Each structure stands twice: as structure tokens, then as C-alpha cells.
Amino acid sequence: MVRCGRKIGIAVIILLIALTAVIMMAGARVVYGDSGDVDKAGVPDRIESHAEVFDAEGLITPAEKAEIEAELQKSYDKYNVNAYVIITTNIGMSDDYEGYLERKWTSLPDRNSVILLIGFKSDDHVYIIRSYGEENAEKKLSTNRLQKIQDDMEADMKQYNFAEASLIYAKDVYKYLGKYDAVYDDNLFLKWWFDLLIIFVICTIIFMFSAMGAGQSDDVTPVTYLNRNKSRVVNGFDRYIRTSVSRVKINTDSGSRGGGGFSGGGGHSSGGRGF
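Residue numbering note: each chain is counted from 1, following its sequence as written. pLDDT decides what is reported in this predicted model: residues at 70 or higher carry local features, side-chain atom pairs at 80 or more are listed and counted, and totals for whole chains, interfaces and linings draw on all residues regardless. Hydrogen atoms and water are omitted, and side-chain values are computed over all heavy atoms in the structure.

**A word on the sheet that holds strand E2 (residues 82-88)**
Condition: Strands are labelled as partners when DSSP assigns at least two bridges between them. For helices the rule is a DSSP run of H or I covering at least 4 residues; for strands it is a run of E covering at least 2, with both sets numbered from the N terminus onward. For this analysis, residues touch if any pair of their heavy atoms sits within 4.5 Å. Under this scheme, a helix contributes an axis fitted over its contacting stretch, all axes are lines through C-alpha atoms, and angles between N-to-C directions fall in the 0 to 180 degree range.
Here we have five strands laid out as an open sheet, ordered E1-E2-E3-E4-E5, and mixed in their pairing. The open sheet has two edge strands with one neighbour each: strand E1 (51-55) and strand E5 (268-269). By the bridge criterion, five bridges tie E1 to E2 in an arrangement that is parallel. Residue pairing in the sheet places Ala51 in a bridge with Ala83 of E2. Where helix H5 (residues 143-158) meets the sheet, its contacts fall on strand E3 (113-121), strand E4 (124-132) and E5, and the angle it forms with E4 comes to roughly 145°.

Following this line, the structure appears as C-alpha cells:
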């Protein structure tokens, strides 16, 4: 009986050790891998939705999640751009978050996409926005615009108000998708203050010429002393002076204008920012 009890005890201990090893292996799964159904950030290896918030740790409420997803859905419905938010405590500034997003992008139903990643790893926080594709997402969501979205989110991110920050992200993405292509952001003619300056200069010039004309007095000319009843033309002739010829060089180099740094499927990144 004693030996039997010992054998049973040893068997139970071995079973517990094996079970613990399995649990530890599952918990040690690398967050950047794509094996299995769901990665450690709580995101499916194969994403089927077009607009979704992934929050495995429950850092925002279901009501907040629904509100954000409704805003994200607008970008897909109107501009055919997939929009996502990933909130996780398993990714931080010191991790390869760019590589993680690159892998997630390859699993999306449509490459024309934008993703916000909020990494809330202990004492190692980061948030980053990436846009991918060759259509609206990449043309409208440039690095500069993504950084502006980050700026709008910054105050809420520093307060750990992830729901409000994600909502700002969703609304800003929709706003920029509705604007002209990002390549024209530096075009002065699209700046309201530049247009106003041109109007002011033109009005000033017109006013100056009008004032000069109104203040002019009658000038004395040869016609002033001309007796129209007795004066006549007695002779006339034309004198050839010279011929002027000017040459203008025609530039036949068509070249190519700058395109804002678009790079195929590589997309744009706001860059990781701590909070």
C-alpha cells in the first residue's frame, strides 16, 4: 500500500510538472509570431474584419469600443480603407513594434489599411500609426499627417485615456482621407493665408494706380499750341532703326516631380512615440 501510494504521488507530481511546462510554453509565446489563432496582443493571425478595435486586456469599455469602431467603419465605407486599433500590454517601446505591424498588415483582407498600435507594456509605453497600400491610405495618410494625428492624441495618451485618443485617431483618419492628396500639403496656392496675401497685393496695386490717375494734372504737350485751323502735315517719312531678335531655350527634360516619399507597399509611419 505504501509503495502504491508513493507511485500515485510520483505520477501526480509528474503530471503537475508537465501541465506547468505546457502553461509556461503557452505564456512564453512570442508576440510577433503568426502561429496559432491569436497572438499575445489578442489579435487574430488572420484578420477578417475591415474596422475593429483589438483590446484583449479590456483597457477600454465595450461602449467605448463600439463608438470607436463605428468611426473606423466610416473610413472603410466611404474610402475603402481598413482601419484598426490594437491596444496591448505586451508590446513596448523597446520591442520590434514596426515588425509586428508589418506582419499584421500582411494578414489583412485588403492592403489599403491604417493601424494604430498602443503598447502599454510596464514602464515601456509606445503608440504608433502606420498606413499601407497604394490607394487612399498611402496617398492621403502621409508621415506628416500621421504625426499630426499623434499630436492630437498626445494629451489623452499621457493621461492614459486610450478610448478618447483612439476616437481622435479614428476621426482624424476620416478627415484626412477626405482631403486632397498629401503630396500637395506644401503647395502654397492651397494655403488660405497665401491666397489672402495675393488678393491684398492685387487690391493694393489697383488702388495705387487709381490714386495716381486721379491726382494727375493736365500736362503741356505740343498739341497745346497747335492751331487746328491753320496747322497741317507738310511731310512724313519712316526711319528704320534696328531689328531685335531674342532666343529662348526650351527645356526638353520632362523629369519627374517629387511625390512626397511614397514607397509602394511599404506605407508610411508616424514613428513610435512614448507617453
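**Quick word on the environment of Met93**
Tracing the sequence through the fold places Met93 in the loop between E2 and helix H3 (97-105). Once residues lying within four places of it in the same chain are set aside, the contact partners of Met93 are Asp124, His125, Val126, Gly272, Arg273 and Gly274.

**Quick notes on the side chain of Ser269**
Put simply, the rule reads: Classification of residues uses two cut-offs on accessible area relative to the type maximum, computed with a 1.4 Å probe and protein chains only: under 20% is buried, over 50% is exposed, and between them is partly exposed. Here a polar contact is recorded for every N or O atom pair within 3.5 Å, except that within protein the pair must consist of a potential hydrogen donor and a potential acceptor, and residues adjacent in sequence are included only if both atoms are side-chain atoms.
Summarising the element assignment, Ser269 is placed in strand E5. On the basis of relative accessibility, which here comes to 17%, the residue Ser269 falls in the buried class. A distance of 3.1 Å separates polar atoms of two side chains, one belonging to Ser269 and the other to Glu98. In contact with Ser269, not counting residues within four places along its chain, are Glu98, Ile128, Ile129, Arg130, Thr143 and Leu146.

**Examining the pattern of salt bridges**
How we decide: A pairing counts as a salt bridge when a side-chain nitrogen of Lys or Arg comes within 4 Å of a carboxyl oxygen of Asp or Glu.
A complete count under the given rule lists eleven salt bridges for this structure. Among the salt bridges present, the one from Arg130 reaches Glu102, with a minimum N-O distance of 3.8 Å. Of the two residues, Arg130 is situated in strand E4 and Glu102 in helix H3; the sequence distance between them amounts to 28 residues. Several salt bridges converge on common partners, so that one network encompasses Asp151, Glu154, Lys158 and Arg273.

**Re the packing of aromatic side chains**
Convention followed: Pairing of aromatic rings covers Phe, Tyr and Trp, the last through its six-membered ring, and needs centres within 6.5 Å; plane angles under 30 degrees mean stacked, over 60 mean edge-to-face, and all others mean tilted. In this analysis the charged atom, NZ for Lys or CZ for Arg, is taken to sit over a ring once it is within 6 Å of the ring centre and within 35 degrees of the ring normal.
Enumeration according to the criterion identifies ten aromatic pairs in this entry. A ring pair is formed by Phe162 and Phe275, whose centres lie 5.9 Å apart and whose planes are at 85°; its orientation type is edge-to-face. Taken together, the positions of Phe162 in helix H6 (residues 162-177) and Phe275 in the segment after E5 put the pair 113 residues apart, joining distant regions of the chain. A relative accessible area of 19% means that Phe275 is categorised as buried. Chaining the aromatic ring pairs together yields one cluster made of Phe120, Tyr127, Tyr160, Phe162 and Phe275. Sitting over the ring of Tyr176, Lys175 keeps its end group 4.7 Å from the ring centre.

**Thoughts on the pairing of E2**
Basically, it comes down to this: The handedness of a crossover follows from its direction of travel: if, with the strands pointing away from the viewer, the path from the first strand over the helix to the second runs clockwise, the crossover is right-handed.
Burial analysis of E2 places seven of its seven residues in the buried class, the great majority of the element. Burial along E2 is two-sided: the residues Asn82, Tyr84, Ile86 and Thr88 and Ala83, Val85 and Ile87 are all buried. Each parallel crossover has a hand, and for E1 linked through helix H2 (residues 62-79) to E2 it is left-handed.

**A word on the nonpolar core**
Our working definition: Residue types Ala, Val, Leu, Ile, Met, Phe, Trp, Tyr and Cys, when buried and joined through side-chain atoms within 4.5 Å, form a set referred to as a nonpolar core.
Membership of the largest hydrophobic core comes to 32 residues, with the highest contact counts inside it found for Leu72, Met153 and Tyr169. In terms of residues, this core owes the most to one element, H6, which gives ten residues. Listed in part, the 17 residues of the second largest apolar core include Ala41, Tyr100, Leu117 and Tyr132.

**Concerning the packing of H5 against H6**
Quick note on the threshold: Throughout this description, any angle smaller than 35 degrees is read as roughly parallel, any larger than 145 degrees as roughly antiparallel, any in the 65 to 115 degree range as roughly perpendicular, and the remainder as oblique. Note on convention: the crossing is left-handed when the near helix lies turned anticlockwise from the far helix by less than a right angle, right-handed when the turn is clockwise. Each residue receives one of three labels: charged for Asp, Glu, Lys and Arg, nonpolar for Ala, Val, Leu, Ile, Met, Phe, Trp, Tyr, Cys and Pro, and polar for the others, Gly being one of them.
Direction vectors running N to C along H5 and H6 enclose 155°, while the axes themselves pass 8 Å from each other. Accordingly, the angle class assigned to the pair H5 and H6 is roughly antiparallel. When the axes of H5 and H6 are compared, the crossing they make is right-handed. Residue-level inspection shows Arg145, Lys148, Ile149, Asp152, Met153, Asp156 and Met157 of H5 in contact with H6, the latter providing Phe162, Glu164, Ala165, Ile168, Tyr169, Asp172, Val173 and Tyr176. Of the residues contributing to the contact of H5 with H6, the split by class is nine nonpolar, no polar and six charged.

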